[in-house]
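If you want the building blocks of each chain, they are given just below.
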Amino acid sequence: MKIGFVSAVLPEYSLDQVLGFAAEAGFSSVEVMCWPTGRAERRYAGVSHLDAADLSPAAIKRVEDLTARHGVTISGLGYYPNPLASDRAESEQAIAHLHRVIDAAAELKINVVNSFVGRDPALSVEANWPKFLEVWRPLVDHAEQRGVRIGIENCPMLFSSDEWPGGKNLATTPAIWRRMFAEIPSLSFGLNFDPSHMIWQQMDYLAPLKEFAARLVHVHAKDARIEHAALNDHGVLSAPKLWHTPKIPGQGDVRWGPFLGTLADVGYDGPVAIEVEDRAFEGSLEKRLESLVISRRYLLQYLGG
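This structure is a prediction, so every number in the text was calculated from the model and none was measured.

Caption draft 1: Main features of the sheet that holds strand 7 (residues 216-221). The 8 strands lie next to each other as 1-2-3-4-5-6-7-10, forming a closed barrel whose pairing is parallel. On average, each strand axis in the sheet is tilted by 30° relative to the strand beside it, whichever way the strands run. For strand 4 (residues 112-115) and strand 5 (residues 149-153), the ladder comprises 4 bridges, and the chain directions are parallel. By the bridge assignment for strand 5, Ser-115 is matched with Ile-152. Strands strand 5 and strand 6 (189-193) of the sheet are contacted by helix 4 (residues 125-145), whose axis makes an angle of about 140° with strand 5.

Written out as structure tokens, the structure reads:
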């Protein structure tokens, strides 16, 4: 396993600058954000360090030259929209751009795309299921044909008022993953596993690594801290942001030694990408850069130099 980071935390940097910092700070890879141009709907969305709409030979060569010059690989292309949105235009735009990102990953020989399944938050899991199959069967078929694996992050996207009551991502629990992979069995369809989301859902984040080992496409290293006094005050049925705080690795409730040890036990040797959404480090670019350095240093004690 090699330590990288998610480029969304550095929106003001170019791809050259992102890879340059990664090399200087000792990172071996970066998950590169590929959002289309336009207004961001939430924190860390809308960031693009690679234009998936430009697959010209010159653009591909530029990316290849940058990764070679800096000695840093791209662990995956990241785009996290809501392909199952109730708004037809939003859904169609997300699906179309996902196709472009899959094509970009294939052309660049990165072969990994990380995303969300999406969900209409006003509908139950069962009511979302027909559209899930309608949207994702062809997306996975396209990825399989291009030799690309899709890693679905397990974040419920259940933090803001427009995401209630069901959240904007269907793929959040082992029971749902089991059903998803039974109905779309291609190994081009897997998980971008983030243990922090299991923490605030009060779920086991080790057992799924064993059951879904063959589906582990990519891993995010983000922590989460449950504020127990606030949880006791508001209750588990309230908005999670009232009683949980995203943190950098080592400053929350994830036990990183057992987590990384279990990943090793099940044979995972892919990237571990630090994802920073910690407000304690959002005050400046310098603090965000520092958060990546601190996180890498912390994780190295479990992964070696």
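Caption draft 2: Representation of the environment of Ile-199 within the structure. Turning to its location among the elements, Ile-199 is positioned in helix 6 (residues 196-200). Take Ile-199: its relative accessible area is 10%, and that puts it in the buried class. Along the backbone, Ile-199 and Ile-274 are 75 residues apart, and their C-alpha atoms lie at a distance of 16 Å. When neighbours within four sequence positions are excluded, Ile-199 is seen to be in contact with Tyr-205, Ala-224, Ile-226, Asp-253 and Val-254.

Caption draft 3: Molecular detail of the pairing of strand 1 (residues 2-6). Along strand 1, 4 of the 5 residues are buried, which leaves the element largely enclosed by surrounding structure. Bridge count for strand 1 against strand 10 (residues 271-274) is 4 bridges, and the pairing is parallel. Bridge assignment links Lys-2 to a residue of strand 10, and that residue is Pro-271. Looking at chain direction, strand 1 and strand 2 (residues 29-33) are connected through 3 bridges and run parallel. Its bridge partner being in strand 2, Val-6 is matched across the sheet by Glu-31. Handedness of the crossover joining strand 1 and strand 2 through helix 1 (residues 15-25): right-handed.

Caption draft 4: Structural context of unusual backbone geometry. In this model, Trp-164 is joined to Pro-165 through a cis peptide bond whose omega is 0°. For Lys-109, which is not glycine, the phi torsion reads 60° and is therefore positive. Tracing the backbone shows Lys-109 in the loop between helix 3 (88-107) and strand 4. Classification of Lys-109 by relative accessible area gives exposed; the value is 65%. Here Asn-111, not a glycine, exhibits a phi torsion of approximately 65°, which is positive. Here Asn-111 shows up in the loop between helix 3 and strand 4.

Caption draft 5: Just the packing of aromatic side chains, in detail. Inspection of the entire model under this criterion finds 17 aromatic pairs. For the pair Phe-159 and Trp-200, a centre-to-centre distance of 5.4 Å together with 55° between the ring planes defines the contact as tilted. You can see Phe-159 sitting in the loop between strand 5 and helix 5 (174-183) and its partner Trp-200 sitting in helix 6, a full 41 residues away along the chain. Aromatic side chains Trp-177 and Phe-193 sit 6.1 Å apart centroid to centroid with 70° between the ring planes, which places their arrangement in the edge-to-face category. You can see Trp-177 sitting in helix 5 and its partner Phe-193 sitting in strand 6, a full 16 residues away along the chain. Of the two residues examined, Trp-177 and Phe-193, each falls in the buried class. It is Arg-215 that lies over the ring of Phe-181; its NZ or CZ is 4.2 Å from the centre. A cation over an aromatic ring shows up here: Arg-296 above the ring of Phe-27, its NZ or CZ 5.9 Å from the ring centre.

Caption draft 6: Representation of helix 9 (residues 256-265) within the structure. The complete set of buried residues in helix 9 reads Trp-256, Phe-259, Leu-260, Thr-262 and Leu-263. The buried residues of helix 9 occupy one face: seen down the axis, they fall within an arc of 155°. Those residues of helix 9 that are buried are in contact with strand 6, helix 7 (207-211), strand 7, strand 8 (223-226), strand 10 and helix 10 (285-303). Positive phi shows up at Gly-267, right after helix 9, with a value of about 90°.

Conventions and cut-offs
- Residues numbered from 1 in each chain as written.
- Predicted model: local features only at pLDDT ≥ 70, side-chain atom pairs only at ≥ 80, totals over all residues.
- Heavy atoms only, no water.
- Pairing = 2+ DSSP bridges.
- Helix = DSSP H or I, 4+ residues; strand = E, 2+ residues; numbered from the N terminus.
- Axes fitted to C-alpha atoms, helices over the stretch in contact; angles between N-to-C directions.
- Contact = heavy atoms within 4.5 Å.
- Buried < 20%, exposed > 50% of the residue type's maximum accessible area, 1.4 Å probe, protein only.
- Right-handed = clockwise from strand over helix to strand, strands pointing away.
- Phe/Tyr/Trp six-rings, centres within 6.5 Å; stacked < 30°, edge-to-face > 60°.
- Lys NZ or Arg CZ within 6 Å of the ring centre and 35° of its normal.
- Arc of directions from axis to C-beta.

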